[in-house]
2 protein chains.
Amino acid sequence: MLDTLPNATDVRSAALRIEGKAYKTPLLEVPLLNERLGFRLLVKPETLQRTGSFKFRGAYNRISRIPEDQQKGGVVAFSSGNHAQGVAAAAQMLGLPALIVMPSDAPAIKVANTRSYGAEIVFYDRFGEDREAIAEKLVAERKATLVRPFDDPMIIAGQGTVGLEIAQQARALDITLDAVLSPCGGGGLVGGSALALASESPQTEVYAVEPDGFDDTARSMVAGERLSIEPGATSICDALLSPEPGNLTLQINARLLAGGLSVSDDAVTQAMQIAFKYLKLVVEPGGAVALAALLSGQYDGHGKTVGIILSGGNVDQEVYRKALEA
Amino acid sequence: MLDTLPNATDVRSAALRIEGKAYKTPLLEVPLLNERLGFRLLVKPETLQRTGSFKFRGAYNRISRIPEDQQKGGVVAFSSGNHAQGVAAAAQMLGLPALIVMPSDAPAIKVANTRSYGAEIVFYDRFGEDREAIAEKLVAERKATLVRPFDDPMIIAGQGTVGLEIAQQARALDITLDAVLSPCGGGGLVGGSALALASESPQTEVYAVEPDGFDDTARSMVAGERLSIEPGATSICDALLSPEPGNLTLQINARLLAGGLSVSDDAVTQAMQIAFKYLKLVVEPGGAVALAALLSGQYDGHGKTVGIILSGGNVDQEVYRKALEA
């Protein structure tokens, strides 16, 4: 089952599964921001989602489908933070123990929140250790279920409910979206959303946005095979530092996306400021890349109606203060 | 008509009037914040409202009712900023010219936004000049309609749609609110909301929250007459510096509110930080007073389900950075 590509029906099924558990975030529009951009923008703030990012959606969808005889071993996940919180919160709601493998340099707010959802945490060195190997070992020891961050059909389907809601909410407003831009780490959010949008709003082009230096999905889509990031790359977008696309996510994204874009740290900082000023939303660096792509002209929205996903808001106070300083 | 008290029917009529113009802001809940507080909290983020505060609701309701033969003269308003933006945006949508009298020390973001909605601005000295006298003179010169910030039945009814939505959204979630706490300047928001809640959710107690030193509504409710603030008071809550309650608003609030609370600047700063961390929402100082009342124990919510209004998010970047520093 883990190597089966999900489809739009799986996304719809996930939407039923998470109903009343995840929040249906609004689709916001701010006329002053439209004016500044020069085109119409609709904003999906997953910053307001349970756990402060979209990750809860996929985690709940996946964990709720663990067969009863396998629930006792609980779940194990590896994550820089947002997936950790999503898994911890979903496991807590469903009554399963959760153990999370996190990098030792994960933002403090993400570590603290993960812990407060009752999860056990094991730290690893992001530059020296292999988190997947650590997680696999723990899974075997505990007879637990590994909840992958993106390369799992039920995770992809769960994240895709963001795109499904965008399509439904835009339709309710009589809006046809020309494009939707989504942050992209491993590609689950953009891939799942593309599945839903291809089905519900086929005229909408979907783009993945990555940080400069972490554009593995963009390059892999062009190359037609999974490429890793170049070593030594750095970015302020801690949520989007995955080293290569998933197997399933790349298959979906190569087929359904209109393209991949990438943005600089400076553009991300500017986007965080614009979200502060016009949207009154706290957005973490990785959550702001789609907005950054519009502001920096990586995507030209003139004459179009564009939707973006603000994927998360879990940013430390000091990092945020610094972003507002520039 | 201007001295007639509005009622719950006027609030319902205002809700129809602003439908599709103002946003229906969500009613948010964050489990981690509930855990920290020790009770259940529902949050109404009017920070996400058109113009970044609830003020658009009342302004649109009022301006849309100006008779056709009086529309040509446009509207005049005096305001420290949020009412200014609400009036400017509503007038622009309805095609009426707007002139706003603003204090020369109003936050830059509020001045810039008011201007960007096409309004003309006249500045005055908050400590030396009488803004009402200036506005009255301009009204006479231009044959314009004065749009008062709170002491007008259609303004109160418009702001009351916040309370109406809270009642409706809580009911849809099967939640009975024991109390709703609202920021209070002149008393239009809390008064209008109290009208709606008394009708739709009579078991819900409504409280006004003011900054320390600006608790004119709380003291006036106790005294049974309109009392002014003591001279020399200062507060970081620029949106809540009205010197005395309105005539209509005090009549409503004295009859319907369960009480008035007041909070310190420190409590407000802490509330802004908590809104950042748990809610991922940018809240301006005056918008955070209801949350501050809960965090500082001015209102003890233990064993209760409490709703609060975050009334606005129009705060300058530097002020916000400073609030996050503490």
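Chemist: So what exactly am I meant to see when it comes to the sheet that holds strand β5 (residues 145-146) of chain A here?
Modeler: Through backbone hydrogen bonds, the strands of a sheet pair up, either in parallel or in antiparallel fashion. All names here are of chain A. On the basis of which strands lie adjacent, the open sheet formed by 4 strands has the order β4-β3-β2-β5 and parallel pairing. Each of the sheet's edge strands pairs with one partner strand only, and the pair in question is β4 (120-124) and β5. Strand direction decides the pairing type here: strand β3 (residues 98-103) and β4, joined by 5 bridges, are parallel. Note on β4: the bridge partner recorded for Pro103 is Tyr124. The strands that helix α4 (residues 82-94) touches are β2 (75-78) and β3; relative to β3, the one it contacts most, it runs at about 170 degrees. Sitting on the sheet, helix α5 (residues 108-116) touches β3 and β4, and the angle it makes with β4 is about 150 degrees.

Chemist: How should I be thinking about the domain arrangement of chain A in this particular structure?
Modeler: Interfaces are frequently sized by the accessible area removed from exposure as the parts join. All names here are of chain A. Parsing chain A into structural domains produces domain 1 (8-53 + 154-325) and domain 2 (56-150). Using C-alpha coordinates to define each centre, domain 1 is positioned 23 Å away from domain 2. Contact residues are listed per partner, giving 37 residues for domain 1 and 27 residues for domain 2. Roughly 2500 Å² of surface becomes buried between domain 1 and domain 2 when both sides are summed, with 55% attributable to carbon and sulfur atoms. When the buried surface of domain 1 facing domain 2 is broken down by residue, Arg17, Thr51 and Ile155 rank first, second and third, together holding 27% of it. One can count 4 salt bridges joining domain 1 with domain 2. Where Lys110 meets Glu284, a salt bridge forms, and the shortest distance between an N and an O atom there is 2.8 Å. At the boundary of domain 1 and domain 2, one finds 14 residue pairs in polar contact (both at pLDDT 80 or more).

Chemist: Teacher, can you tell me more about the relation of the copies chain A and chain B here?
Modeler: Note: a rotation about an axis with an accompanying shift along it relates these two copies of the chain. Aligned on chain B, chain A shows an RMSD of 0.0 Å; the corresponding rotation is 180 degrees and the shift along the axis is 0.0 Å. Here the transformation between the copies is reduced to the relation of a two-fold axis. Looking at chain A, 100% of its interface residues are interface residues in chain B too, so the copies touch through the same face.

Chemist: Mind showing me how you'd approach the interface of chain A and chain B here?
Modeler: Between chain A and chain B, the residue contacts involve 33 residues of the former and 33 residues of the latter. Both faces considered, chain A and chain B share a buried interface measuring about 2800 Å² in area, 61% of it formed by carbon and sulfur atoms. Ionic pairing is found between Arg321 of chain A and Glu325 of chain B, a salt bridge with its closest N-O pair at 3.6 Å. If you look at where chain A meets chain B, you find 11 residue pairs in polar contact (both at pLDDT 80 or more). Breaking the side of chain A that touches chain B down by element, the ones donating at least two residues are α2 (31-37), α5, α12 (265-279) and α14 (317-325) of chain A. Residue contributions to the side of chain A that touches chain B peak at 5 residues, all from α14 of chain A.

The rules behind each value
- Residues numbered from 1 in each chain as written.
- Chains lettered and ligands numbered in written order.
- Predicted model: local features only at pLDDT ≥ 70, side-chain atom pairs only at ≥ 80, totals over all residues.
- Heavy atoms only, no water.
- Pairing = 2+ DSSP bridges.
- Helix = DSSP H or I, 4+ residues; strand = E, 2+ residues; numbered from the N terminus.
- Contact = heavy atoms within 4.5 Å.
- Axes fitted to C-alpha atoms, helices over the stretch in contact; angles between N-to-C directions.
- Domains from an automatic or database assignment.
- Buried area = accessible area lost by both parts, 1.4 Å probe.
- Salt bridge = Lys/Arg side-chain N within 4 Å of Asp/Glu carboxyl O.
- Polar contact = N/O pair within 3.5 Å; in protein donor to acceptor, adjacent residues only side chain to side chain.
- Least-squares fit on C-alpha atoms with pLDDT ≥ 70 in both.

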